[in-house]
Amino acid sequence: MTSHQPRSLEENLRLPTVNAVTHAEVERLGETVEEPSDELLHELDAHARIKERTPELPLLHAMVVIVSDEDNVDQSGELVTELLREENFLVDAIVHVESRKPAIRKAIQTAVVGGADLVITVGATGVGPRDKAPEAANAELDRKVPGIAEALRSSGLAANSLDAGLSRGVAGISGSTLVVNLAGTRGAIRDGMATLCPLARHVIADMNR
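Described in the following lines is the structure provided in the data block. Remember, predicted model here, so these are calculated numbers, not experimental data.

Here's the deal with the sheet that holds strand β1 (residues 60-67)
Within a sheet, adjacent strands bond to each other through the backbone by hydrogen bonds, running parallel or antiparallel. Within the open sheet, the 6 strands sit side by side as β2-β1-β3-β6-β5-β4. Their pairing is mixed. Lying at the two open borders of the sheet, with one neighbouring strand each, are β2 (89-97) and β4 (143-144). For β1 and strand β3 (residues 118-122), the ladder comprises 5 bridges, and the chain directions are parallel. Pairing of Val64 across the sheet is with Ile120, part of β3. Of the strands in this sheet, β3, β4, β5 (171-174) and β6 (177-182) touch helix α6 (residues 133-140), which is tilted by about 165° from β6. Strands in contact with helix α7 (residues 146-158) are β4, β5 and β6; relative to β6, the strand with the most contacts, it is inclined by about 25°.

Here we look at helix α5 (residues 101-113)
Between its first and last C-alpha, α5 extends 18 Å over 13 residues, near the 18 Å set by a 1.5 Å rise per residue. For α5, the complete set of buried residues consists of Ala103, Ile104, Ala107, Ile108 and Ala111. Each buried residue of α5 lies within a common arc of 135° when the element is viewed along its axis, so the set occupies one face. Turned more than 90 degrees from where α5 packs its buried face, Pro102, Lys106 and Val113 sit exposed. For α5, the secondary structure elements touched by its buried residues are β1, β2, β3, α6 and β6. Following α5 by one or two positions, Gly115 adopts a phi angle in the positive range, close to 85°.

A word on the environment of Val180
Note that Val180 resides in strand β6. Of the residues examined, Val180 reaches a relative accessible area of 0% and is grouped as buried. Spatially, the C-alpha atom of Val180 lies 9.9 Å from that of Leu152, the residues being 28 residues apart in sequence. If we skip the residues at most four places from it in the chain, Val180 touches Leu118, Val119, Ile120, Thr121, Ile148, Leu152, Val170, Ala171 and Leu196.

Describing empty space enclosed by the protein
Enumeration according to the criterion identifies 1 cavity of 30 Å³ or more in this entry. Taken as a whole, the largest cavity spans an internal volume of roughly 90 Å³. For the largest cavity, the full set of lining residues is Ala149, Leu152, Arg153, Ala164, Ser167, Gly169, Val170, Asn181, Leu182, Ala183, Ala188 and Gly192. Secondary structure elements with two or more residues in the lining of the largest cavity: α7, β6 and α9 (186-207). The dominant element in the lining of the largest cavity, judged by the number of residues it contributes, is α7, at 3 residues. Of the residues in the lining of the largest cavity, the class split is 7 nonpolar, 4 polar and 1 charged.

Side note on a nonpolar patch on the surface
Nonpolar side chains collect at one region of the surface, where Leu157, Leu162 and Leu166 lie side by side and expose about 330 Å² of accessible area between them. The topology assignment puts Leu166 in the loop between α8 (162-165) and β5.

Points about the packing of α5 against α6
Where α5 meets α6, the axes come as close as 9 Å, and the angle between the chain directions of the two elements is 45°. Between α5 and α6, the interaxial angle falls into the category oblique. In this structure, the crossing between α5 and α6 has a hand that is right-handed. Contact residues: Lys101, Ile104, Arg105, Ile108 and Gln109 in α5; Ala133, Glu135, Ala136, Ala137, Ala139 and Glu140 in α6.

Quick word on the nonpolar core
Ranked by internal contacts, the top residues of the largest apolar core, which has 28 residues, are Leu84, Leu118, Ile120, Ile148, Leu178 and Met193. When contributions to this core are tallied by element, the ones reaching two or more residues are β1, α4 (76-86), β2, β3, α7, β5, β6 and α9. Considering each element in turn, this core owes the most residues, 7 residues, to α9. Beyond its immediate stretch of four places on either side in the chain, Met193 contacts Val80, Leu83, Leu84, Ile120 and Leu182.

What to know about the side chain of Thr125
Its place among the elements puts Thr125 in the loop between β3 and α6. Since its relative accessible area comes to 4%, Thr125 is described here as buried. If we ignore the near neighbours within four places in the chain, the residues touching Thr125 are Asp131, Ala133, Pro134, Ser167, Arg168, Gly169, Asn181, Leu182 and Ala183.

What counts and how
- Residues numbered from 1 in each chain as written.
- Predicted model: local features only at pLDDT ≥ 70, side-chain atom pairs only at ≥ 80, totals over all residues.
- Heavy atoms only, no water.
- Pairing = 2+ DSSP bridges.
- Helix = DSSP H or I, 4+ residues; strand = E, 2+ residues; numbered from the N terminus.
- Contact = heavy atoms within 4.5 Å.
- Axes fitted to C-alpha atoms, helices over the stretch in contact; angles between N-to-C directions.
- Expected span 1.5 Å × (residues − 1).
- Buried < 20%, exposed > 50% of the residue type's maximum accessible area, 1.4 Å probe, protein only.
- Arc of directions from axis to C-beta.
- 1 Å grid on protein atoms, 1.4 Å probe; cavity = no way out; pocket = protein on both sides within 12 Å on 5 of 7 lines; lining within 4 Å.
- Points joined across faces, edges and corners; volume = space filled by probe spheres on them.
- Nonpolar A, V, L, I, M, F, W, Y, C, P; charged D, E, K, R; others polar.
- Patch = residues over 30% accessible without salt bridge, like charges linked within 9 Å, V, L, I, M, F, W, Y side chains within 5 Å.
- Areas by Shrake-Rupley, 256 points an atom, 1.4 Å probe, with all protein chains shown as cover.
- Salt bridge = Lys/Arg side-chain N within 4 Å of Asp/Glu carboxyl O.
- Parallel < 35°, antiparallel > 145°, perpendicular 65-115°, else oblique.
- Left-handed = near helix turned anticlockwise from the far one by under 90°.
- Core = buried A, V, L, I, M, F, W, Y, C linked by side-chain atoms within 4.5 Å.

In structure tokens form, the structure reads like this:
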């Protein structure tokens, strides 16, 4: 009976031999691989940060009310919407109303009835005769949250935004909706939104416990 010769390790593992590698494959190994651009790396990094942050921030609904007597709607609504979306708020509507107390109150009431978590009025928070936003919001509040209004004024002064720092804006709860007045300048909006968003999330979560 003839004994079988043991197979070599190479045969058992079926490893490729040097002759199995083509010349073209060897040349490809020496090709220069282009590095990704800084723009692509920045975009990937931004997406990664959003993906990491999104699960921690539940989606909340907001409504933006631009208070102005001007016929043309400025870019304030778009700016507030953009900043809210960055914080995972879904903006259901941007409403433009004249600086009249009944009109502002009706807009706030619409947001409350519609189930918005947050309604932000923008503009008409100064000391002029047509600055009616604080009075209108105050008439709709069931409970005030003075800490938010104080924080907005404090951060506004720290950022040298006099419109924000001297704003008469109020903040509080109407039904199950947080209502906040913001001054209307771009600086006041940018600084105010950075201060407001984490405070708003805390208050809304506290209401929904």
